[in-house]
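# Chains, contacts and geometry: an overview
Listed below are the residues making up each chain.
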Amino acid sequence: MTASLKARIKIFEDILSQEKVDFVKLQNLCFHGIPHESGLRSICWKIILNYLPVNRKEWPIFLQRQRALYTQFLQELVFQPASAKGPHQTNREDVTFEDHPLNTNPESQWNSFFKDNEVLLQIDKDVRRLYPDMAFFQRPTSFPCHLLLDSSKGIETLRRRVERSSLNAVPVKCLRSGVNNIQHSEQTRKESATGEELREVHWEVVERVLFVYAKLNPGLAYVQGMNEIVGPIYYTFASDPQPQCQEHAEADTFFCFTNLMAEIRDNFIKSLDGTQCGIGLHMNRIYELLHQHDSDLFLHLESQHIEPQFFAFRWLTLLLSQEFLLPDVLQLWDSLLADFHRFDFLIYVCSAMLLLIRDKLLDGDFPTNMKLLQEYPIGDVPAILTKAIELQEKS
């Protein structure tokens, strides 16, 4: 470790050790990058995402309360309807007169269960392929959720729920006799009855966070791409060198992700794309900046009819999480999350990305440039950030 890095870490530690953390100083420091040593990124992100209060004395009680609340969410939301009375307590009377799988009442727990399966299927597909270039999300966590692995609780893991059911949208057909018939098939896939079924991997934790979020936010629920937002947060917390942080990474990730989504949720609402609060406005700003700083490149892209929505939609919606390797994403997010005008700096970063490949874009035809923009070449993130700051200062 170099002397300059040690000095920078010391500055972070001094700010974080204060009885009341100076939020503005920490924000400014994080904007220029957080050293990955000593778990600094984990605690800094929790503060700048407005999860941890600035008063350090409040942290123990606050964290205990939030983590207990998340456990309550798991108990109430990750379940099979039959488990409300216990997994073995459903008798003929329950099925006939109370709730049962054929009940079409909107208030039916089974009706809700089948609708949740449709959401769960999409989440499951997405989280299984989260950052495929890294083995981390496929590895077992050292802190599995024992609440869900305890079969005596009558609660099954989401992975088991996916594997047990085909999870197709469950069509309800009315037979000629007038009886409703739910069409769904059970998978024949079986797990080995060994300790392997108790090994919970990291992507399963991400799946649970997204499922709980979808249940608590039915107006938005789950939109494809949210897995790319929660992934870097969970990785940061679950790979923290402190075991206590790893142990509670799921709960802390959930609340930080919820806070972040409260700020960017409009990007995931399709009906807002063309409005002043939607993502369309932000995409146009990228081209406005490009026109201001490099009119030749702007006119070239315009002549090829390359609209910003062809590539910038994903850049902005997913905060560039799919354009770079995860270590680079974390470095970018230090600046994006610490932006004093949250995510305004993202516009400058996107513009900088265009300017740094201007020569290739000017030489390329439409197909070449589309591929280049949709598969952005792995670049020098510090150079991108430096160029973005330069653009911001000039604007």
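Below, the structure is looked at part by part. From a predicted model like this one, the values you see are computed outputs, not experimental measurements.

## Let's talk about the overall build of the protein
Helices and strands together make up the secondary structure of the protein, namely 20 helices and two strands. By residue count, 48% of the 395 residues in the protein fall in the buried class. Counted over contacts in the protein with a minimum sequence separation of 6, partners at least 24 positions apart contribute 73%. Just so you have it, the protein exposes about 19800 Å², and 51% of that area is on carbon and sulfur atoms.

## Some remarks on the packing of aromatic side chains
With the rule as written, the count across this model stands at 17 aromatic pairs. On the numbers, 5.9 Å between centres and 10° between planes, the contact of Y51 with F255 is stacked. With Y51 in the loop between α3 (40-48) and α4 (59-77) and F255 in helix α12 (residues 249-264), the pair connects residues that are 204 residues apart, well separated along the chain. On the basis of relative accessible area, Y51 is assigned to the buried category, the value being 4%. What makes F255 buried here is its relative accessible area of 10%. Ring centres 5.2 Å apart and planes at 40° place the aromatic pair Y70 and F254 in the tilted group. Linking Y70 in helix α4 with F254 in helix α12, this pair joins segments that are 184 residues apart in sequence. Taken together, the ring pairs in this structure connect Y51, F62, Y70, F73, F254 and F255 into an aromatic cluster. Just above the ring of F237 sits the side chain of K46; from NZ or CZ to the centre is 4.7 Å.

## Quick word on the nonpolar core
Ranked by internal contacts, the top residues of the largest apolar core, which has 117 residues, are L26, L260, W333 and V349. Per element, the largest residue contribution to this core is 10 residues, and it comes from helix α17 (residues 344-355). Apart from residues lying up to four places away in sequence, L260 is in contact with L49, I229, I233, L319, W333, L337 and F343.

## Some details on helix α13 (residues 279-293)
The terminal C-alpha atoms of α13 lie 22 Å apart, and with 15 residues this matches the ideal 21 Å at 1.5 Å per residue to within 8%. Along α13, the positions that sit buried rather than exposed are I279, G280, M283, I286, Y287, L289 and L290.

## Regarding the packing of helix α9 (residues 202-216) against helix α10 (residues 226-238)
Where α9 meets α10, the axes come as close as 10 Å, and the angle between the chain directions of the two elements is 125°. When the interaxial angle is binned, α9 and α10 end up oblique. When the axes of α9 and α10 are compared, the crossing they make is right-handed. Contacts between α9 and α10 pair H202, V205, V206, V209, L210 and Y213 from the former with M226, N227, V230, Y234 and A238 from the latter. Of the residues in the contact of α9 with α10, the class split is nine nonpolar, two polar and no charged.

## Side note on the environment of G39
Examined against the element boundaries, G39 turns out to sit in the loop between α2 (23-31) and α3. Separated by 200 residues in the primary sequence, G39 and S239 have C-alpha atoms spaced 8.4 Å apart. When sequence neighbours within four positions are dropped, the list of residues in contact with G39 reads D240 and P241.

## Some remarks on the pattern of salt bridges
This structure, assessed with the given rule, holds 17 salt bridges. The salt bridge involving D252 is made with K46; its shortest N-O contact spans 3.3 Å. With a gap of 206 residues between them, D252 in helix α12 and K46 in helix α3 connect regions that are remote in the sequence. Residue class for D252 comes out buried when judged on its relative accessible area of 0%. For K46, a relative accessible area of 6% corresponds to the buried category.

## So, the packing of α9 against α12
As a packed pair, α9 and α12 sit with axes 10 Å apart at the nearest point and diverge in direction by 50°. Relative to α12, the element α9 is oriented oblique. With respect to the hand of their crossing, α9 and α12 are arranged in right-handed fashion. In this structure, α9 contributes V205, R208, V209, L210, V212, Y213 and L216 to the contact, and α12 contributes E250, T253, F254, F257, T258 and M261. Taken together, the residues that form the contact of α9 with α12 break down as nine nonpolar, two polar and two charged.

Conventions adopted
- Residues numbered from 1 in each chain as written.
- Predicted model: local features only at pLDDT ≥ 70, side-chain atom pairs only at ≥ 80, totals over all residues.
- Heavy atoms only, no water.
- Helix = DSSP H or I, 4+ residues; strand = E, 2+ residues; numbered from the N terminus.
- Buried < 20%, exposed > 50% of the residue type's maximum accessible area, 1.4 Å probe, protein only.
- Contact = heavy atoms within 4.5 Å.
- Areas by Shrake-Rupley, 256 points an atom, 1.4 Å probe, with all protein chains shown as cover.
- Phe/Tyr/Trp six-rings, centres within 6.5 Å; stacked < 30°, edge-to-face > 60°.
- Lys NZ or Arg CZ within 6 Å of the ring centre and 35° of its normal.
- Core = buried A, V, L, I, M, F, W, Y, C linked by side-chain atoms within 4.5 Å.
- Expected span 1.5 Å × (residues − 1).
- Axes fitted to C-alpha atoms, helices over the stretch in contact; angles between N-to-C directions.
- Parallel < 35°, antiparallel > 145°, perpendicular 65-115°, else oblique.
- Left-handed = near helix turned anticlockwise from the far one by under 90°.
- Nonpolar A, V, L, I, M, F, W, Y, C, P; charged D, E, K, R; others polar.
- Salt bridge = Lys/Arg side-chain N within 4 Å of Asp/Glu carboxyl O.

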